[in-house]
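Reading the structure
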Amino acid sequence: MLVVRQRAADFLRKEAVLCAAVLLAAVSACFVRPSRAYFDYIDWDTLALLFSLMAVVQGLQQAGVFLYLGNRLLRRTKNTRWLLAVLVGLPFVCSMAVTNDVSLLTFVPFAVAVLKAAGCAGLILPAVVLQTVAANLGSMLTPMGNPQNLYLYARAGLGFGGLCALMAPFVLLSAVGLGVFCFARRAEPVRPVEMPARLGGKKTIAAYLLGFAVCLLGLFDVMSPVVVALLFAAVLLVLDRGVLKRVDYSLLGTFVAFFIFVGNLGALPAFREFLSGLLEAHAGLTAVLASQVISNVPAALLLSGFTDQTAALLVGCNLGGLGTLIASMASLISYRAVAADCPQKRGAYLLRFTAYNVMFLAALLALGLLLSKTTDFWAGTL
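Residues numbered from 1 in each chain as written. Predicted model: local features only at pLDDT ≥ 70, side-chain atom pairs only at ≥ 80, totals over all residues. Heavy atoms only, no water.

What about the environment of I333?
With respect to the secondary-structure elements, I333 resides in helix α18 (residues 331-341). With a relative accessible area of 17%, I333 lands in the buried category. Sequence-wise, I333 and V108 are 225 residues apart; in three dimensions their C-alpha atoms are separated by 8.5 Å. Every residue in contact with I333, bar those within four places of it in the chain, is listed here: D101, L104 and L105. (Helix = DSSP H or I, 4+ residues; strand = E, 2+ residues; numbered from the N terminus. Buried < 20%, exposed > 50% of the residue type's maximum accessible area, 1.4 Å probe, protein only. Contact = heavy atoms within 4.5 Å.)

Structural data, given as structure tokens:
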């Protein structure tokens, strides 16, 4: 019995967001009787695309593609400025294609190992904080950069280019800010470092790159996302079940639970009118504030059911990933890595993390307000 309780407690700690989403869906079901309408609440195309992208990225990660890329760039670094710039630039750029979560899972442990090997352990805290900020900022640019973009992209009707254009000014300013943080440090020579990175076979890598291209066909509505997901599942069942096991099914379950919760709330007239009125006046700012408390993915799922200002939600939920530690659940990946490697520095990490996040959030909010006043396209975004 004690073992069961311990496992249950571990599961609750590890999957807190999933458990909260399921609880909210269950409570809402007490007010709106379960029916076939529940199936209509769920955005099956978004779930299918999310599954397919996660499977492909897991395959590329397993093939060592991202670490190989990191090693190639490290060979060109000769001082601490460039070393920091490479370690921060990797998650910033890669998150645009493989999500902020995967970028941090790959490059935070990589950075810690590299900095120790280079004799630069003092840079671990600033490097990991900047990596976390970089992954959350770089992922804003594309639909596949993070889960809320993938979901809101389909609802917004902006198209791939439209979403990139919407977020490009924020990403460009972010790149400048990250560069300032990296190159403002004193340049000190570092010895060449190369971390072990075993690259998979060419056929394997080519297969997963082809899979990524197929995902894009689903993203651009050339193929049905559900057909793409079924195709991937069938192929991986035969060729690589290990990749299927590593897909983040808890994230998919969280989406399903929130779809049901939001759908049920939408069936309650009083709540729908209240939240719709709030979002009509301040959709973007509401998304930023909600993200600080419940994280930006749940905020996107919740708020999208009560407003058609999807562009404002895209900006608000993306910027809302900055701020508190839980504003973007991806940020917890970095925190756990630091806490495991140097637990005595958890407090210092949180202070630095909060300071950097507040600075970037303030700068990007100011940019959003400026753009909303000077360009009709941005009117009402924040």
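Still more ground to cover, so stick around.
Some points on the layout of surface pockets
Empty space within the largest pocket amounts to approximately 930 Å³. D101, D248, S250, L251 and I333 are, among the 34 residues lining the largest pocket, the residues nearest its centre. Among the secondary structure elements, those contributing two or more residues to the lining of the largest pocket are α1 (2-14), α2 (16-29), α4 (44-62), α7 (100-117), α9 (147-156), α14 (249-266), α16 (296-303) and α18. Among the elements that take part in the lining of the largest pocket, α4 stands out by supplying 5 residues, more than any other. When its volume is computed, the second largest pocket comes out at roughly 290 Å³. For the second largest pocket, the lining is made up of 14 residues, of which A207, Y208, F232, V235 and L236 are closest to its centre. When residues of the lining of the second largest pocket are traced back to their parent elements, those giving at least two are α4, α11 (202-219) and α12 (225-239). Of the residues assigned to the lining of the second largest pocket, the class counts are 11 nonpolar, 2 polar and 1 charged. (1 Å grid on protein atoms, 1.4 Å probe; cavity = no way out; pocket = protein on both sides within 12 Å on 5 of 7 lines; lining within 4 Å. Points joined across faces, edges and corners; volume = space filled by probe spheres on them. Nonpolar A, V, L, I, M, F, W, Y, C, P; charged D, E, K, R; others polar.)

Some points on the side chain of N100
Tracing the sequence through the fold places N100 in helix α7. At a separation of 3.1 Å, a polar atom in the side chain of N100 contacts the side chain of N136. (Polar contact = N/O pair within 3.5 Å; in protein donor to acceptor, adjacent residues only side chain to side chain.)

Observations concerning the pattern of salt bridges
Within the structure shown, the criterion is met by 2 salt bridges. The closest approach of N and O atoms between K116 and D341, which form a salt bridge, is 2.8 Å. Highlighted residues: K116 in helix α7 and D341 in helix α18, separated in sequence by 225 residues. For K116, a relative accessible area of 44% corresponds to the partly exposed category. According to the relative accessible area criterion, D341 is partly exposed, its value standing at 34%. Across the pair R186 and E188 runs a salt bridge whose closest N-O atoms are separated by 2.8 Å. By relative accessible area, E188 is classed as partly exposed at 35%. (Salt bridge = Lys/Arg side-chain N within 4 Å of Asp/Glu carboxyl O.)

That is the geometry; function is a separate question.
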